[in-house]
Structures are given as C-alpha cells and as structure tokens.
Amino acid sequence: MKQLEQSAVEFLAALSSSAPAPGGGGASALTGALAAALGMMVSNLTIGKEKYAEHEEALIGLRAELEALRDKLVGLVDADAEGFLPLARAYGIPKDDPSRERVMEEALATACLAPFEMMTTAYAVLCALAALVKKGSRLAVSDVGAGAVLAQAAIEAAALNIRINTKSMQDRARANQLNERADTIIREGSAYKERIYLETLKVIG
C-alpha cells in the first residue's frame, strides 16, 4: 500500500515508529502536498463567483497546476522511502569491503534526489500561491498564506534531508554543489513566502 493511501492516523503511527521511513522526507512531501491542497481549495471557492469573473481563466489554470503539484508531492512520499533503500543497504556493507566507499557515495547521492524534487515542487507551489493571493477570494486569503508557510516549511525540511546525506559524502566538491543548490531554493522560496504572507496580512487588515 502506498503510504498516503493509509489513513492519516496510520501514516502518523508509521512516522512515529522506529522504522527509518517514512521520516523527515515523507513528512516534508506531505507538508508540501497540504500547501498545494490549500491553494486548490481557495481556487475552488473562488471559481464561479461573479465578483472574481475576470480571474476565472487564471484560477482554473492555477487549480490544475496545484493539483499536479499536489499529486507529485504525494508520490514523493514513497519515492523518498524508496530512495533511502540503497543507502540502508550500503550501511550494511562491511567496512573492509573495497567497494563500500563507492557504493556509499552513490547511495548518498541517490538519497538526495527525492528531497530535491520536494524542494523544487514546493517552490512551484509557492509560485502558484503568489498568483492566487492576488486573484483568490478575499474570504479565503488566510488559507493562501497558510499554504505559503507550509510550502516553505516543506522546502526547508527537505533541505535538512539533503544536508544529512551530503555531510557523509567523500566528494566534498559534489557535496558543496548540492548544498549550494539547496540553499538557493531556500532563499528564493523564503522571499516568495514572505511576500505572500505580507500580502495576506494586508488583505486581512
């Protein structure tokens, strides 16, 4: 069973257990999916309202975009768990095995793939929310702001999953490149989140 096909209670029980997955990565992806879902909700609440008729076409497009992003993030919950498997196997290789370092290095890089996808996808959610905060129903603007906070949280949490892996890499040039890439997404996402949050407060008054 895919992890998010469980009930929320079952997923939280799995997250609370001693099993290595789901862990921070799965929680990050779920948080990003919640952000996208909030944006979809605001779109659905706004579409069809005469007051927002001028934004109808844009809102329909944003809803479709957010739905695709939500679904991608849901899939990344499982992708993150699967990406951890090679690393778990690598840790089991005897330390005197000459292939251990090479296998470990590649496994560490593989474990970074899903978190990076989470980061870029959650950033795309922020971009969609930045448009929605200006076009969506004023009555639901707080949900756009909440979505932005969650999307940035997903970005920063996923970045920690990258950092824990790059810390163990022998190839420091590669590790630094991955860290810098993650830091860039954090900075750019933070700017978007702050803009959306302030716009939300402005509308709320």
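These numbers were taken from a predicted model, which means no experiment stands behind them.

Conventions we followed
- By convention here, each chain's residues receive numbers from 1 onward along its written sequence.
- In view of the model being predicted, local features appear only for residues whose pLDDT reaches at least 70, and side-chain atom pairs are presented and counted only at 80 or more, with totals across whole chains, interfaces and linings using the full set of residues.
- Excluded from the side-chain calculation are hydrogens and water; included are all heavy atoms of the structure.
- Strands here mean DSSP runs of E at least two residues long; helices mean DSSP runs of H or I at least four residues long; both are numbered from the N terminus.
- Exposure classes here rest on a 1.4 Å probe applied to the protein chains alone. A residue is buried below 20% of its type maximum, exposed above 50%, and partly exposed in between.
- Only the protein chains shown count as cover for residues, and the accessible areas themselves come from Shrake-Rupley with a 1.4 Å probe.
- Just so you know, the count uses Lys and Arg for positive and Asp and Glu for negative, and it drops His and the chain ends.
- Every charge is mapped onto a representative atom, which is NZ of Lys, CZ of Arg, CG of Asp or CD of Glu.
- What makes two residues a contact is simply this: any of their non-hydrogen atoms within 4.5 Å.
- Ring pairs shown here join Phe, Tyr and Trp side chains whose ring centres sit within 6.5 Å, with only the six-membered ring taken for Trp; geometry is labelled stacked below 30 degrees between planes, edge-to-face above 60, and tilted in between.
- Criterion for a charge above a ring: Lys NZ or Arg CZ within 6 Å of the ring centre, and within 35 degrees of the ring normal.
- A pairing counts as a salt bridge when a side-chain nitrogen of Lys or Arg comes within 4 Å of a carboxyl oxygen of Asp or Glu.
- Expected span, for any helix, means 1.5 Å times one less than how many residues it has.
- Two N or O atoms form a polar contact when they lie within 3.5 Å of each other; inside protein one atom must be a possible hydrogen donor and the other a possible acceptor, and for residues adjacent in sequence the pair counts only when both atoms belong to side chains.

Undergrad: I tried to follow the overall build of the chain on my own but got confused; where do I start?
TA: Regarding its fold elements, the chain presents six helices and zero strands. In the chain, the order of α-helices and β-strands from amino to carboxyl end is α-α-α-α-α-α. For the chain, the C-alpha atoms occupy an extent of roughly 70 × 35 × 25 Å along the three principal directions. Burial statistics for the chain: of 205 residues in total, 40% are counted as buried. Carbon and sulfur atoms form 57% of the exposed surface of the chain, whose accessible area is close to 10600 Å². Within the chain, one finds 22 positive and 26 negative side-chain charges whose respective centroids are separated by 4 Å.

Undergrad: Honestly, the side chain of Asn179 in this entry has me stumped. Any pointers?
TA: Examined against the element boundaries, Asn179 turns out to sit in helix α6 (residues 172-204). For Asn179, a relative accessible area of 7% puts it in the buried group. Once residues lying within four places of it in the same chain are set aside, the contact partners of Asn179 are Ile162, Arg163 and Thr166.

Undergrad: Would you mind going over the environment of Thr110 with me for this structure?
TA: On the secondary structure map, Thr110 appears in helix α4 (residues 100-135). The contact partners of Thr110, leaving out residues within four places of it in the chain, are Gly83 and Pro86.

Undergrad: Whenever I open this one, the packing of aromatic side chains confuses me. Can you help?
TA: Tallied over the full model, the rule gives one aromatic pair. Ring centres 5.6 Å apart and planes at 75 degrees place the aromatic pair Tyr123 and Tyr192 in the edge-to-face group. Taken together, the residues span a long stretch of sequence, with Tyr123 in helix α4 and Tyr192 in helix α6 at a distance of 69 residues. Judged by its relative accessible area of 22%, Tyr123 is partly exposed. A cation over a ring is seen here: Lys193 above Tyr197, with NZ or CZ 6.0 Å from the ring centre.

Undergrad: Explanation requested: the pattern of salt bridges in the structure shown.
TA: All told, the structure shown has six salt bridges when counted by the stated rule. For Asp183, the salt bridge goes to Arg163, with nearest N and O atoms at 2.9 Å. Here Arg163 lies in helix α5 (residues 141-166) and Asp183 lies in helix α6, a separation of 20 residues in the sequence. Among the residues examined, Asp183 registers a relative accessible area of 25% and is labelled partly exposed. One salt bridge connects Glu194 with Lys193, and the closest N-O pair in it is separated by 3.6 Å. With a relative accessible area of 37%, Glu194 lands in the partly exposed category. Through salt bridges with shared partners, one network takes in Glu67, Arg70 and Asp71.

Undergrad: Sorry, what's going on with the side chain of Thr121 here?
TA: Structurally, Thr121 is set in helix α4. When its relative accessible area of 3% is taken as the criterion, Thr121 is described as buried. Non-local contacts of Thr121, meaning those with residues more than four positions away in its chain, are made with Leu69, Lys72, Leu73 and Leu76.

Undergrad: Would you mind going over α6 with me for this structure?
TA: Along an α-helix, a turn takes 3.6 residues, which lines up residues three or four apart on a common side. If you check α6, its first and last C-alpha atoms are 47 Å apart, about what 33 residues at 1.5 Å a residue would give, namely 48 Å. Turning to α6, its buried residues are Ala175, Leu178, Asn179, Ala182, Ile185, Gly189, Tyr192, Ile196 and Thr200. The inward-facing, buried residues of α6 abut α4 and α5. The residue sitting at the N-terminus of α6 and contributing the capping side-chain oxygen is Asp171; that oxygen lies 3.3 Å from the backbone nitrogen of Ala173. Once α6 ends, the next one or two residues include Gly205, with phi positive near 85 degrees.

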